[in-house]
Amino acid sequence: MNQTDSSAQEIVIEFTGLKKTYGAFEAVKGVDLSVRRGELFGFLGPNGAGKTTIIRIMTGIIRPTDGRVSIGGVDLLAEPEKAKIRMGYIPDRPYLYEKLTPMEYFDFIGGLYALDPEIAKQRGENMLRFFSLWDWRNELIEGFSHGMKQKVAMSASLLHDPDILVVDEPMVGLDPRSVRLVKDFFLNLTKRGKTIFLTTHTLSVAEDLCDRIGIIQRGRVVALGSLDELRSRSSDVTFDLESIFLQITEEEDEVAHGNPPEARLPAAVSNEF
Ligand code: ATP
C-alpha cells in the first residue's frame, strides 16, 4: 500500500451490519468491515464461511437481507450502477464469450462501459502484451487453456480502469510464472492507489500479498488485522499464515461446538491419523 498518499486512509469499501439469510439459514450474520484505498485486503475463510455470498452482494449479483454496502462512498443498494462502475470483478471461473477473440471481447466489454473504442483497444492490447497473450489476440477464446482464459478475464475487468478490484480465487489454474506475474501486477495496482479485495484458499498468496486480512467463519468476521497483528493473537510468533488460520478457525470451532476439534473426529479416523 502506498502510505505516502494522504488519501490512503480513505475508506473505499464498507460493509455495515451486512446480513444474508437463505430461508432460516443465516449465511452472513452482521458483518462490519472497512477497506482503505490502496489496500490489498485478503478475505479468507473455510468452505461455506460466507465469502462468495459477500462477494456476490458486493458485485450486485444478490441483495443482502439487511445492512449497507458502500463502494467508493456510493451506497450500492441505492445507486447500484454508480457503485458498480468503480469496481472490476474477476470471478474464480471466467465468464467469457468464447466465440470471440480477446480483442473482439474487449471491444464488447468496452461497449458495455461506454468506453471510447480506441481506449478499450489500447488498454486491451497492453494487457495482452503484459500477459504474453499478444500472439493469441486474434484467436478464438474457445481454444484457450483455463489460465489463458483467466488472464483474458482479468484484462477485461480492468478495461474501464476501476479503482477497486474484487478478485475471487485468482491463482487457480495459473502456472508458477503466471502466479508471479499476477502477484506483481496486483502489487503494482495498489501502489497506484487501486484497492484490491481478494479471496483465496491459497494462504501463501495471501501471506505474500495482503496488507490486511479478514477471516470469516460461519458468517462472522472472527479475525481482522495485518499478518503481524494476527500472529500476535496466535500461540507462536513464528507462525505462518496457514498455522495462524488453522489455529484461529479451530479455536472458533471449539467455541461454537464446545469441544476441541480432535474430539469431533470419528474414533477410527483419529486413530488412523
Ligand atoms: P467456499 O470457500 O466453499 O467457496 P464460501 O465461504 O464462499 O465457501 P458461501 O458460498 O458464501 O461460502 O456460502 C455460505 C453459506 O451459505 C454456505 O453454508 C452455503 O451452503 C450457503 N448458501 C450459499 N448460497 C446459497 C443459496 N443460494 N441457497 C441456500 N444456501 C446458500
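Residues numbered from 1 in each chain as written. Predicted model: local features only at pLDDT ≥ 70, side-chain atom pairs only at ≥ 80, totals over all residues. Heavy atoms only, no water.

What follows deals with the overall build of the protein. Helices and strands together make up the secondary structure of the protein, namely 10 helices and 10 strands. Considered along the principal axes of its C-alpha atoms, the protein spans approximately 60 × 45 × 45 Å. Buried residues in the protein amount to 47% of all 273 residues. For the protein, the proportion of contacts with a sequence separation of at least 24, taken over those separated by at least 6, is 68%. Only carbon and sulfur atoms are counted for the fraction: they give 49% of the accessible area of the protein, which is about 13500 Å². Charge separation in the protein, taken as the distance between the mean sites of 32 positive and 41 negative side-chain charges, equals 4 Å. (Helix = DSSP H or I, 4+ residues; strand = E, 2+ residues; numbered from the N terminus. Buried < 20%, exposed > 50% of the residue type's maximum accessible area, 1.4 Å probe, protein only. Contact = heavy atoms within 4.5 Å. Areas by Shrake-Rupley, 256 points an atom, 1.4 Å probe, with all protein chains shown as cover. Lys, Arg positive; Asp, Glu negative; His and termini not counted. Charge placed at Lys NZ, Arg CZ, Asp CG, Glu CD.)

Taken domain by domain, the protein consists of domain 1 (1–86 + 162–246) and domain 2 (94–161). Tallying the contact residues gives 16 residues for domain 1 and 13 residues for domain 2. Of the roughly 1200 Å² buried where domain 1 meets domain 2, counting both sides, 70% is carbon and sulfur surface. When the buried area of domain 1 at its contact with domain 2 is split by residue, Pro162, Leu181 and Phe185 rank highest and sum to 42% of it. Across the pair Lys194 and Asp161 runs a salt bridge, and its minimum N-O distance is 2.8 Å. Element by element, the count of residues in the side of domain 1 that touches domain 2 is highest for helix H6 (residues 176–191), at five residues. Grouping the constituent residues of the side of domain 1 that touches domain 2 by class yields 10 nonpolar, two polar and four charged. (Domains from an automatic or database assignment. Buried area = accessible area lost by both parts, 1.4 Å probe. Salt bridge = Lys/Arg side-chain N within 4 Å of Asp/Glu carboxyl O. Nonpolar A, V, L, I, M, F, W, Y, C, P; charged D, E, K, R; others polar.)

Tracing the sequence through the fold places His160 in the loop between helix H5 (146–157) and strand E7 (164–168). From its side chain, His160 meets the backbone oxygen of Ile85 in a polar contact 3.4 Å long. Ignoring sequence-local partners within four residues, the contact set of His160 consists of Ile85, Met87, Gly88, Tyr113, Leu115 and Arg123. (Polar contact = N/O pair within 3.5 Å; in protein donor to acceptor, adjacent residues only side chain to side chain.)

Here we have four strands laid out as an open sheet, ordered E2-E1-E4-E5, and antiparallel in their pairing. Each edge of the open sheet is held by one strand with a lone partner, namely strand E2 (25–36) and strand E5 (74–75). Its contacts with the sheet put helix H1 (residues 51–58) on strand E1 (11–22), E2 and strand E4 (66–71), and the angle it makes with E1 is roughly 115 degrees. (Pairing = 2+ DSSP bridges. Axes fitted to C-alpha atoms, helices over the stretch in contact; angles between N-to-C directions.)

Take the layout of surface pockets next. A volume near 700 Å³ is recorded for the largest pocket. Forming the walls of the largest pocket are 23 residues, and the residues nearest its centre are Tyr89, Tyr105, Ile109, Leu112 and Tyr113. Ranked by the residues each element gives to the lining of the largest pocket, the list is headed by helix H3 (residues 102–112), at four residues. Class assignment for the residues of the lining of the largest pocket results in 16 nonpolar, five polar and two charged. When residues are assigned to domains, the lining of the largest pocket turns out to be shared by domain 1 (1–86 + 162–246) and domain 2 (94–161), each giving three or more. (1 Å grid on protein atoms, 1.4 Å probe; cavity = no way out; pocket = protein on both sides within 12 Å on 5 of 7 lines; lining within 4 Å. Points joined across faces, edges and corners; volume = space filled by probe spheres on them.)

The next subject is the pattern of salt bridges. Under the criterion given, the structure shown has 13 salt bridges. Glu125 is paired through a salt bridge with Lys121; the nearest N and O atoms lie 3.4 Å apart. Taken together, the residues span about one helical turn, with Glu125 and Lys121 both in helix H4 (residues 117–130) at a distance of four residues. Residue class for Lys121 comes out partly exposed when judged on its relative accessible area of 40%. As a salt-bridge pair, Arg231 and Asp228 come within 2.9 Å of each other at their nearest N and O atoms. Here Arg231 and its partner Asp228 are both found in helix H8 (residues 227–233), three residues apart, which amounts to about one turn of the helix. With a relative accessible area of 16%, Arg231 lands in the buried category. Since its relative accessible area comes to 55%, Asp228 is described here as exposed. When salt bridges with common partners are traced through the structure, they connect Arg36, Glu39 and Arg212 into a single cluster.

We now examine the pairing of E2. Relative to E2, E1 runs antiparallel, the two being bridged by nine bridges. Bridged to Lys20 within E2 is Val28. The loop that links E1 with its antiparallel partner E2 comprises two residues; one of these, Gly23, has a positive phi angle of about 60 degrees.

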